[in-house]
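Here's the letter readout for the chains.
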Amino acid sequence: MVPENSSLVVVGAHLFGDDPNDPIYSSVVSLAWSSALLVEANPKVADSLRARVSAHNPLPLAPHREVRVVHQGVCPDDTKKIQPFYTLQETPGLPFWASQIGSFSREHVELPLGMFASTMGHKHTVNSLRERITVQSVRCTSLLSLLQRRGVTRVGLLLIDAEGFDCDIVAAQDWSSKEWVGDLGPAVLVFEWKNCKPEAYEKAMANLLRHKVGIGYRLIAETNENAFFSRVQRRYARDDMRR
């Protein structure tokens, strides 16, 4: 399903290879990628990931020099290339995945604070945790701009884990455009849908599945967190035209 010697792109890479809840790592680690682009918006996490990748290649069958870490975010469009990015400060008692919820949406970072506070006894309240949210300015471009700027070609697998913006990013793409129909169109697309608002989820799914001609996508699996699509080449189909 994933072409040999293609590129892997991970948006929201976090500590790629060291996250126990990573939805794809165990499936991609043994593949021979020509390159990998690991994109992380959280400044501190991006620095840590860059150091880890420099010391140890998380994709042993890919050329180490072609496994690149990029510190930036991905947004639905290029209208505002610098945006506030919110994170929760490291705090004893938080679950390991607390650093994964950094987002361009403060609301998204605040959503689990009640759950966090309930497991921390009397050490923190929702309000005290809310005071530990920090904000930094982070570069944020469209997905297409990112891939073109970084010279990515022949995308075999694209994972989008953008903490609340996943469906908006998928819905914003014109998957039938010449850019996506070419080598940039991922053979396999995975995005996290559990944090999407219902209307954004519907738009993303409709956008991926609506094409009758050219490159389209087929839903191959859906879990309680992620949706998995494979690319299909569609021609004018008589059956489709009769419907």
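In what follows, the structure referred to is the one given above.
Residues numbered from 1 in each chain as written. Predicted model: local features only at pLDDT ≥ 70, side-chain atom pairs only at ≥ 80, totals over all residues. Heavy atoms only, no water.

Another aspect to go through is the state of the cysteines. With the rule as written, the count across this model stands at two disulfides. Through a disulfide, Cys75 is tied to Cys140; the S-S separation comes to 1.7 Å. Handedness here is read from the sign of the S-S torsion; for Cys75 and Cys140, about 110 degrees, the answer is right-handed. Taken together, the residues Cys75 in strand 4 (residues 73–75) and Cys140 in strand 6 (residues 133–142) connect sequence positions 65 residues apart. With a relative accessible area of 4%, Cys75 lands in the buried category. With a sulfur-sulfur separation of 2.1 Å, Cys167 is cross-linked through a disulfide to Cys196. (Disulfide = S-S within 2.5 Å. Helix = DSSP H or I, 4+ residues; strand = E, 2+ residues; numbered from the N terminus. Buried < 20%, exposed > 50% of the residue type's maximum accessible area, 1.4 Å probe, protein only.)

This next bit is on the pattern of salt bridges. Scanning all chains against the criterion turns up seven salt bridges. Across the pair Arg52 and Asp18 runs a salt bridge whose closest N-O atoms are separated by 2.4 Å. Here Arg52, found in helix 2 (residues 43–55), pairs with Asp18, found in the loop between strand 1 (7–11) and helix 1 (25–28); they are 34 residues apart in sequence, far enough to count as distant. Among the ionic contacts, a cluster of salt bridges with common partners joins Arg106, Glu110 and Arg130. (Salt bridge = Lys/Arg side-chain N within 4 Å of Asp/Glu carboxyl O.)

Next up on the list: the packing of aromatic side chains. Taken as a whole and judged by the stated rule, the model has seven aromatic pairs. An angle of 45 degrees between the planes, with centres 4.8 Å apart, marks the rings of Trp175 and Trp180 as tilted. With relative accessibility at 1%, the residue Trp175 sits in the buried group. Residue Trp180 is classed as buried on the basis of its relative accessible area of 2%. Geometrically, the ring pair formed by Trp193 and Tyr201 is tilted, given 5.4 Å between the ring centres and 50 degrees between the ring planes. For Trp193, a relative accessible area of 24% corresponds to the partly exposed category. One aromatic cluster in this structure is built from Trp175, Trp180 and Tyr217. (Phe/Tyr/Trp six-rings, centres within 6.5 Å; stacked < 30°, edge-to-face > 60°.)

This paragraph deals with helix 2. The terminal C-alpha atoms of helix 2 lie 19 Å apart, and with 13 residues this matches the ideal 18 Å at 1.5 Å per residue to within 8%. Of the residues making up helix 2, those classed as buried are Pro43, Val45, Ala46, Leu49 and Val53. An end-on view of helix 2 places all buried positions within 155 degrees of arc, on one side of the element. Relative to its buried face, helix 2 has exposed residues pointing more than 90 degrees away, namely Lys44, Ser54 and Ala55. Buried residues along helix 2 sit against strand 2 (35–40), strand 3 (67–71), strand 5 (82–88) and strand 6. Here helix 2 starts with a cap whose side-chain oxygen sits 3.1 Å from the backbone nitrogen of Lys44, and that cap is Asn42. (Expected span 1.5 Å × (residues − 1). Arc of directions from axis to C-beta. Contact = heavy atoms within 4.5 Å. Polar contact = N/O pair within 3.5 Å; in protein donor to acceptor, adjacent residues only side chain to side chain.)

Further remarks concern unusual backbone geometry. Not every positive phi belongs to a glycine, and Asn5 is a case in point at roughly 55 degrees. Its location among the elements puts Asn5 in the segment before strand 1. The backbone of Arg154 sits at a positive phi, close to 50 degrees, despite the residue not being glycine. Tracing the backbone shows Arg154 in the loop between helix 6 (143–149) and strand 7 (155–160).

Another aspect to go through is helix 9 (residues 198–209). Compared with an ideal rise of 1.5 Å per residue, which puts 12 residues at 16 Å, helix 9 spans 17 Å between its outermost C-alpha atoms and is within 8% of the ideal. When helix 9 is considered as a whole, its buried residues turn out to be Ala200, Tyr201, Ala204, Met205, Asn207 and Leu208. All buried residues of helix 9 project into a common sector of 165 degrees when viewed along the axis, lining one side. Pointing more than 90 degrees away from the buried face of helix 9 are the exposed residues Pro198, Glu202 and Lys203.

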